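Architecture and fold: a report
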Amino acid sequence: MRNPVTRFMATASIAALTLGALPVTAQEAAQATPPAANSSEAPLTAPDTQARRQQVMPESFADLVEEVSPAVVNINTSSVIERPTGRMFPEGSPFEDLFRDFGMPSPNQNNPFGQQQSPQRANALGSGFVISDDGYIVTNNHVIDGADEIEIEFRDGARRSAEVVGTDAQTDIALLKVDAQDLPFVGFGDSDDARVGDWVLALGNPLGQGFSASTGIVSARGRALTGTYDDFIQTDASINRGNSGGPLFNMDGEVIGVNTAILSPNGGSIGIGFSMAANVVTNVVDQLREFGETRRGWLGVKIQRVTPEIAESLGLEQDRGAMVTDVFDGPASAAGIRPGDVIVDFAGNEIEDDRDLVARVAQAPIGEEVDVTVLREGHMQDVAVTLGRRETAEGNGEGGGENRPSDSPAEDELLGMKLQRVTPELATELGLDEDQQGLVLREVEPSSDAADKGLSPGDVITEAGQQPVSSVGDLQARIDEAREAGRKSLLLMIRRGGEPRFVAISIQD
């Protein structure tokens, strides 16, 4: 049987549990048949004509549930899994004695001669919702992942086989299609309009019990778990295993999220659930519907968040934007973007942080020119970039310089760091490119700001103040310049294991 996927969070005793399709028996599945409902030729709630309901405690959610519930479906999946072969324990193993001492049959007794056993069919349940009258259905990718057969169960009792139109593991979204017409369906709302404290309604098939409704509020916005494109709405509406893929509605009957995961120490709802925001989902669904796959924009850079320390070192008034740490052979390189640039505007939108840029690039059209504004050496510059496609460029990248004499210079100490110039021999010793330039950290004073910022022996400083450094003298010159400019910190580019990142180090005496 399929098991839910567990993601462990920072606290070891608490796990973020993806709401995996719930394993069920045939008898349990038969008992989960929901009551009947009528179909409709139009969206169950028309966003452009429906007045926004007041965000006060309603006397009842019954009218809203009655409006939207015909579009919510149960998803039954079936897959064939191979049963284990061979003996679990070697013959005469002490584990066999252990089972016998406790009066239990040994697992080896089920297959004592290591015979090939026949495959076993596993069933599971999840949730979903219809988004068009001709049978397109949205759910979570993990609900149908690996399934051989997918059956959709509607609230009127009808059952229809479904085909997979496309999936996106990055956002855990899948688009299905059934052969039907005139189905009741619901529309997406603008998830950016959802405010913390707004009422929400979650519908689905929790724990295989059939159709169920729960209510709560938006507890938080913009939550990220582990994915690159995560933009979760957190809610205290009760959602459990089997709710995966079900809709989260606002009070206008619009879908503002797809229920995906919960945070729980015991696998049950404790009031911390996560729904992928509709504004992410709609873009994915549109691409899956048109192409059968996602086609995300690709800029060709590595970026990091602009921290207050980095902002101060660059003379920025606000710590916003996304700092470029590396540039691949691609759109950004062709447009002239380079490491150390801070992207502050993309396609006419101010960039708040690195996550904001990732989301905007992903949704930008491939092959079309977009305007990008970067801060470089204190000046704003506009560049035009023609985006590539991330799916075809994933993993591509390139990382030069003038060779230096092969002597072994002495170590010098600056800012609590013992530094040594990188030589070809040292580069080979550290696993760096032969022509790598910079300063390698040999020791870091535990009480230094460098240690507080996470620098450690083996790190290589390649830039200081957005200028290359190849000697301790270069670094000292950058420190002096920053102090003369009245700055309290100096921006360093650090490479660790070939991966670049920027760190702002205090230069105060």
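From a predicted model like this one, the values you see are computed outputs, not experimental measurements.

Examining the overall build of the chain
The helix and strand tally for the chain stands at 12 helices and 30 strands. A burial count over the chain gives 48% of its 509 residues as buried. Just so you have it, the chain exposes about 24,100 Å², and 45% of that area is on carbon and sulfur atoms.

Some points on the pattern of salt bridges
Taken as a whole and judged by the stated rule, the model has 21 salt bridges. Among the ionic pairs, Lys-302 bridges to Glu-499, the shortest N-O distance being 2.2 Å. When the shortest N-O distance is used, the salt bridge between Arg-338 and Glu-377 registers 3.9 Å. Note that Arg-338 is positioned in the loop between helix H7 (331-335) and strand S19 (342-346) and Glu-377 in the loop between strand S21 (369-376) and strand S22 (379-386), a separation of 39 residues in sequence. One network of salt bridges, with partners in common, ties together Asp-168, Glu-293, Arg-295, Arg-296, Arg-389 and Glu-391.

What about the pairing of strand S27 (residues 460-464)?
For S27, the buried fraction is high: five of the five residues fall into the buried class. Sheet topology note: the strand S26 (residues 439-444)/S27 ladder contains two bridges and is antiparallel. In the strand pairing of S27, Leu-439 is matched with Ile-461. In this structure, S27 lies alongside strand S29 (residues 489-496), joined through four bridges in antiparallel fashion. Counted as the bridge partner of Val-460 is Arg-495 from S29. Inspection of the sheet shows S27 paired to strand S28 (residues 467-468) by two bridges, in the antiparallel sense. Counterpart to Glu-463 in the pairing with S28 is Pro-468.

Section: unusual backbone geometry
The phi angle at Asp-182 is positive, at roughly 60 degrees, despite the residue not being glycine. If you trace the backbone, Asp-182 turns up in the loop between strand S9 (173-178) and strand S10 (199-204). A relative accessible area of 38% places Asp-182 in the partly exposed class.

A look at the nonpolar core
One finds Val-138 and Ile-152 to be the most contacted residues of the largest nonpolar core, which totals 47 residues. Filtering out sequence-adjacent residues up to four positions away, Ile-152 remains in contact with Val-73, Asn-74, Ile-75, Ile-137, Ala-158, Arg-159, Arg-160, Ala-162, Leu-176 and Val-178. Grouped together as the second largest cluster of nonpolar side chains are 21 residues, Leu-414, Val-444, Ile-461 and Ala-482 included.

Quick word on the pairing of strand S15 (residues 273-277)
Of all five residues in S15, five are buried; the element is thus mostly enclosed. One ladder, built from four bridges, connects strand S12 (residues 232-235) with S15; its direction is antiparallel. Counted as the bridge partner of Phe-232 is Met-276 from S15.

Considering helix H5 (residues 278-291)
Between its first and last C-alpha, H5 extends 19 Å over 14 residues, near the 20 Å set by a 1.5 Å rise per residue. Every buried residue of H5 is accounted for by Ala-278, Val-280, Val-281, Val-284, Val-285, Gln-287 and Leu-288. Directly beyond the C-terminal end of H5, a positive phi value near 80 degrees is found at Gly-292.

Re helix H8 (residues 354-363)
Every buried residue of H8 is listed here: Asp-354, Asp-356, Leu-357, Val-361 and Ala-362. Among the structural elements, H5, strand S16 (297-298), strand S17 (301-305), strand S18 (322-327), S19 and strand S20 (349-350) are those in contact with the buried residues of H8. Where H8 begins, the capping side chain belongs to Asp-353, and its oxygen is found 3.2 Å from the backbone nitrogen of Arg-355.

A short note on the environment of Gln-476
Relative to the assigned elements, Gln-476 resides in helix H12 (residues 472-484). Taking the C-alpha atoms as reference, Gln-476 lies 9.4 Å from Ala-464; in sequence the two are 12 residues apart.

So, the environment of Asp-236
Of note, Asp-236 is situated in the loop between S12 and strand S13 (247-249). With relative accessibility at 35%, the residue Asp-236 sits in the partly exposed group. When the C-alpha positions of Asp-236 and Phe-274 are compared, they lie 8.9 Å apart, and in sequence the two are 38 residues distant. In this structure, Asp-236 is in contact with Gly-216, Ile-217, Ser-219 and Gly-271, ignoring residues within four places of it in sequence.

Looking at the side chain of Thr-139
Tracing the sequence through the fold places Thr-139 in strand S6 (residues 136-140). Given a relative accessible area of 0%, Thr-139 falls into the buried group. Within polar-contact distance, the side chain of Thr-139 engages the backbone oxygen of Ser-127 at 2.6 Å. Beyond its immediate chain neighbours, meaning those up to four positions away, Thr-139 contacts Ile-75, Ser-127, Gly-128, Ile-144, Asp-172, Ile-173, Ala-174, Leu-176, Ser-244 and Gly-245.

Considerations on the environment of Leu-455
With respect to the element layout, Leu-455 can be found in the loop between helix H11 (449-452) and S27. Residue Leu-455 is classed as buried on the basis of its relative accessible area, which comes to 5%. C-alpha separation for the pair Leu-455 and Glu-443, spaced 12 residues apart in sequence, amounts to 9.6 Å. Not counting chain neighbours up to four residues away, the residues in contact with Leu-455 comprise Met-417, Leu-441, Val-444, Ala-450, Ile-494, Arg-496, Arg-501, Val-503 and Ile-505.

A look at the confidence of the model for the chain
The predicted model of the chain has a mean per-residue pLDDT of 79, with 76% of residues at 70 or higher. Confidence drops under pLDDT 50 across residues 24-40; counting only partners more than four residues distant or on other chains, this segment forms 33 contacts. Predicted confidence for residues 395-410 stays below pLDDT 50, and this span has 29 contacts to residues more than four positions away or in other chains.

Focus on the packing of aromatic side chains
What describes a pair of aromatic rings is the distance from one ring centre to the other and the angle between the planes of the rings. On inspection of all chains with the given rule, the structure shows three aromatic pairs. With a centroid separation of 5.8 Å and 65 degrees between ring planes, the pair formed by Phe-61 and Trp-199 is classed as edge-to-face. Of this pair, Phe-61 sits in the loop between helix H1 (26-31) and helix H2 (62-68) while Trp-199 is found in strand S10, placing the two residues 138 residues apart along the sequence. Comparing Phe-61 with Trp-199, the two get one shared label, buried. Judged by centre distance (6.1 Å) and plane angle (70 degrees), the ring pair of Phe-232 and Phe-274 falls under edge-to-face. A residue pair is termed long-range when its members are at least 10 positions apart, and Phe-232 in strand S12 and Phe-274 in strand S15 qualify at 42 residues. Take Phe-232 and Phe-274: they sit in the same class, and that class is buried. In this structure, Arg-295 is placed above the aromatic ring of Phe-291, and the distance from its NZ or CZ to the ring centre is 3.9 Å.

Analysis parameters
- Residues numbered from 1 in each chain as written.
- Predicted model: local features only at pLDDT ≥ 70, side-chain atom pairs only at ≥ 80, totals over all residues.
- Heavy atoms only, no water.
- Helix = DSSP H or I, 4+ residues; strand = E, 2+ residues; numbered from the N terminus.
- Buried < 20%, exposed > 50% of the residue type's maximum accessible area, 1.4 Å probe, protein only.
- Areas by Shrake-Rupley, 256 points an atom, 1.4 Å probe, with all protein chains shown as cover.
- Salt bridge = Lys/Arg side-chain N within 4 Å of Asp/Glu carboxyl O.
- Pairing = 2+ DSSP bridges.
- Core = buried A, V, L, I, M, F, W, Y, C linked by side-chain atoms within 4.5 Å.
- Contact = heavy atoms within 4.5 Å.
- Expected span 1.5 Å × (residues − 1).
- Polar contact = N/O pair within 3.5 Å; in protein donor to acceptor, adjacent residues only side chain to side chain.
- pLDDT = per-residue confidence, 0-100.
- Phe/Tyr/Trp six-rings, centres within 6.5 Å; stacked < 30°, edge-to-face > 60°.
- Lys NZ or Arg CZ within 6 Å of the ring centre and 35° of its normal.

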